[in-house]
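This is what each chain is made of:
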Amino acid sequence: MRPVDLARRHDLSTQTVRNYEDAGIIPPAGRGPTGYRNYTAAHAAGLAAYLALVPAFGSSTSRRIMHAATAGRLDEALEYVDDGHALLARDRATLRTVESALSHLGAVGTRATADDAREPFSIGEVARHLALAPATLRTWERTGVLAPRRDPRTGHRRYVAQDVRDAELAHLLRRGGRSLGTIATVLRELRDVGSLDALARTLEPWRRDLTSRGLAMLSAAGQLSAYLDALGRSGTTGSARPRSGSGQRTGLSVRPDRTRRMSPSTAADYGWIRSSSSLFTYALEFGYTLTLVRGVPPTEVLRRAGAVPRDAVSGLAALIEEHTEVLFGHETWPESFVAGAFTVPGECGDWTLALEFGGDLGTRPAIMEALSAGTRAVSHSSNGGKPMHFFHWYEDGELRTTFESAAYRSGSTPDELTAVMREVGLNPTGDQDPGVDGKAAVFALTERLTGVRVTEDLLAEAVYQTGEVPEEPAEEWKGVIIDITDAHGDRTYAATSAQCDATSGAATASDPGGSGRESAPPPHRGTTP
């Protein structure tokens, strides 16, 4: 079967079919004497199965199911299917809970009840009642979900019975995946008009969505079964989910010819990061770190980062909400930040993608060394308003290449990526071409090292396992290195030390060596042609 024949069956382009093959969603095609692809009935069944799985489980989980099924890991594929059914069952239970809450509210609306005469609750009491953090309630207030009164004497929030009722309902709707904006609209109408119609209107689309997902799962089960029959239903037993690396250092070299065949990405493939319609613009404005780790599951990545587990959230918008909930739930800058992680297929198996806003999980040497033990970890970051853009590549605990500007690199192998850097649009020997987006080029460089194509849809649709990562404690500074470049391009590194006068708090600086030059070597710079 020719690629065009398979594509026409599903109204796809031949390039899309080839992309699915390259991504491992369907098996590799055989080649005829002329070198053209030959697809079989198994390929047709695989493509039909994947297209049926997507509306049932989402594209990310569907890819994992297909990778496992195609590789013969039957138990693993079925575990992902089981997880999807369990999630649907939980969503149905949540819907039933919300529906029962409607009958409890009845026609109460905003009219006073006997409960309203009770002593108002504090924010801490309401938080304990709902098993939430007070920061969550403060975030809900900022977004219009809650509107508690303030004590005129102390200014403290006071929650009357109606406020507690709103908080309970908001909690139920959040568990059902409703956005804060939707919940705020529902509760605002409920408070203003006393009508439950707005709430009922949100439940009906929710119910239709659950029914649609359930029917899609039935259809997908048949297609997946047909694909497994075409493959001969070969499978594995025992522990199904992939585990972290064995500790052996494999695949350390990065040959430009190999990465070009694997993932010919360039800066042009990542123009979407600047799109005004993309949620990733929030990351660029606020600051972010994106980290990819091979063979280490999301929960383990968060554990090694010292994260306190939080609930899983669906979609990038929900991850941003989690971030703002923690950020704006403190009077001062929070002592932790939210990181979200999920599994994505890449080179040599599954990778974990971890994304955070305003944090530094992927830039701390101790964390990156732990994450890359026996495997590979790559990260890039930006601090938002004061553009500082960093890239880090680690292998088995060793920092191989790092840079802020591509021309000034350090690490144990600072020149190993220069050929690939040129291919993606970075200039490893001079100023960056103003016509090439350097941040987009770093995304492409990361893809060359990982085989993971990060797309707008991938981030928008992923289910993130989240956790709160403690901020790194600030260390008392003992010195500073001043980097000076003169008019001739010569660079001087002046190392100074400082001691704080315990009485006056004044700091004094001195050059202990008297040479005015740093004893340690400066960061590596590429050779200028």
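What you see is a predicted model; the values in this text were computed from it and never measured.

**Structural notes on the overall build of the protein**
Right, on to step 1. Across its full length, the protein carries 18 helices and 18 strands.
Right, on to step 2. The 529 residues of the protein split such that 46% are buried.
Right, on to step 3. For the protein, the share of sequence-separated contacts (at least 6 apart) that also reach a separation of at least 24 residues comes to 66%.
Right, on to step 4. Surface summary for the protein: the accessible area is close to 25,800 Å², and the carbon and sulfur share equals 53%.

**Some thoughts on the packing of aromatic side chains**
Right, on to step 1. All told, the structure shown has 11 aromatic pairs when counted by the stated rule.
Right, on to step 2. Seen from their ring centres, tryptophan 272 and phenylalanine 280 are 5.9 Å apart, and the 65° between their planes marks the pair as edge-to-face.
Right, on to step 3. For phenylalanine 280, a relative accessible area of 1% translates into the label buried.
Right, on to step 4. Taken together, Tyr270, Trp272, Phe280, Tyr288 and Phe443 form an aromatic cluster joined through their ring pairs.

**A short note on the pattern of salt bridges**
Right, on to step 1. Using the criterion set out here, one finds 21 salt bridges in the structure.
Right, on to step 2. A salt bridge links glutamate 141 to arginine 157; the shortest N-O distance between them is 2.5 Å. Taken together, the residues glutamate 141 in helix H7 (residues 134-142) and arginine 157 in strand E4 (residues 157-158) connect sequence positions 16 residues apart.
Right, on to step 3. Put simply, arginine 453 and glutamate 447 hold a salt bridge, and the shortest N to O gap is 2.6 Å.
Right, on to step 4. Arginine 453 gets classed as partly exposed once you look at its relative accessible area, which sits at 36%.
Right, on to step 5. What you see here is one network of salt bridges that share partners, running through Glu141, Arg150 and Arg157.

**Re helix H6 (residues 123-130)**
Right, on to step 1. For H6, the complete set of buried residues consists of Ile123, Val126, Ala127 and Leu130. Burial along H6 is one-sided: seen end-on, the buried residues are contained in an arc of 100°.
Right, on to step 2. In the segment just after H6, alanine 131 is the residue with positive phi, at about 60°.

**Here's the deal with the packing of helix H3 (residues 41-57) against helix H4 (residues 59-70)**
Right, on to step 1. Between H3 and H4, whose axes approach to 8 Å, the crossing angle comes to 145°. Pair H3 / H4 crosses with right-handed handedness. Together, Gly46, Ala49, Tyr50, Leu53, Val54 and Phe57 of H3 and Ser59, Thr61, Ser62, Arg63, Ile65 and Met66 of H4 make up the contact between the two elements.
Right, on to step 2. Looking at side-chain class alone, the contact of H3 with H4 contains seven nonpolar, four polar and one charged residues.

**A word on the packing of H6 against H7**
Right, on to step 1. Running from N to C, H6 and H7 cross one another at 105°; their axes reach a closest spacing of 8 Å. Classified by the angle their axes make, H6 and H7 are roughly perpendicular. From H6, Ile123, Val126, Ala127 and Leu130 reach across to H7, where they touch Pro134, Leu137 and Arg138.
Right, on to step 2. Along the lines of polarity and charge, the residues of the contact of H6 with H7 split into six nonpolar, no polar and one charged.

**Notes on the pairing of strand E11 (residues 389-395)**
Right, on to step 1. The buried count for E11 comes to five of seven residues, which makes it a mostly enclosed element.
Right, on to step 2. Pairing analysis gives seven bridges linking strand E10 (residues 376-382) to E11, with the strands arranged antiparallel. Paired with serine 379 across the bridge in E11 is histidine 392.
Right, on to step 3. Direction of pairing for E11 relative to strand E12 (residues 398-403): antiparallel, over a ladder of five bridges. Across the sheet, the residue bridging to phenylalanine 391 is phenylalanine 403, located in E12.

**A few points about the nonpolar core**
Right, on to step 1. Residues Phe57, Ile65, Leu137 and Val145 are the most contacted members of the largest nonpolar core, which totals 55 residues.
Right, on to step 2. Not counting the four nearest positions on each side in its chain, phenylalanine 57 is found in contact with Ser62, Ile65, Val81, Gly84, His85, Met217 and Ala220.
Right, on to step 3. By size, the runner-up hydrophobic cluster in this structure holds 47 residues, among which are Leu292, Val313, Ile320 and Leu355.

**Topic: unusual backbone geometry**
Right, on to step 1. For cysteine 348, which is not glycine, the phi dihedral falls at a positive 65°.
Right, on to step 2. Even without being glycine, aspartate 396 reaches a positive phi, approximately 50°.
Right, on to step 3. By the secondary structure assignment, aspartate 396 is in the loop between E11 and E12.
Right, on to step 4. On the basis of relative accessible area, aspartate 396 is assigned to the partly exposed category, the value being 26%.

**Side note on the confidence of the model for the protein**
Predicted coordinates in regions of low pLDDT should not be interpreted in detail.
Right, on to step 1. A residue-level look at the protein finds 74% of positions with pLDDT of 70 or above and a mean pLDDT of 77.
Right, on to step 2. In the predicted structure, residues 234-263 sits below a pLDDT of 50 and forms 69 contacts with residues beyond four places in sequence or in another chain.
Right, on to step 3. Below a pLDDT of 50 lies the segment residues 498-529, which in the model reaches 48 contacts outside its immediate sequence neighbourhood of four places, other chains included.

Conventions we followed
- Residues numbered from 1 in each chain as written.
- Predicted model: local features only at pLDDT ≥ 70, side-chain atom pairs only at ≥ 80, totals over all residues.
- Heavy atoms only, no water.
- Helix = DSSP H or I, 4+ residues; strand = E, 2+ residues; numbered from the N terminus.
- Buried < 20%, exposed > 50% of the residue type's maximum accessible area, 1.4 Å probe, protein only.
- Contact = heavy atoms within 4.5 Å.
- Areas by Shrake-Rupley, 256 points an atom, 1.4 Å probe, with all protein chains shown as cover.
- Phe/Tyr/Trp six-rings, centres within 6.5 Å; stacked < 30°, edge-to-face > 60°.
- Salt bridge = Lys/Arg side-chain N within 4 Å of Asp/Glu carboxyl O.
- Arc of directions from axis to C-beta.
- Axes fitted to C-alpha atoms, helices over the stretch in contact; angles between N-to-C directions.
- Left-handed = near helix turned anticlockwise from the far one by under 90°.
- Nonpolar A, V, L, I, M, F, W, Y, C, P; charged D, E, K, R; others polar.
- Parallel < 35°, antiparallel > 145°, perpendicular 65-115°, else oblique.
- Pairing = 2+ DSSP bridges.
- Core = buried A, V, L, I, M, F, W, Y, C linked by side-chain atoms within 4.5 Å.
- pLDDT = per-residue confidence, 0-100.

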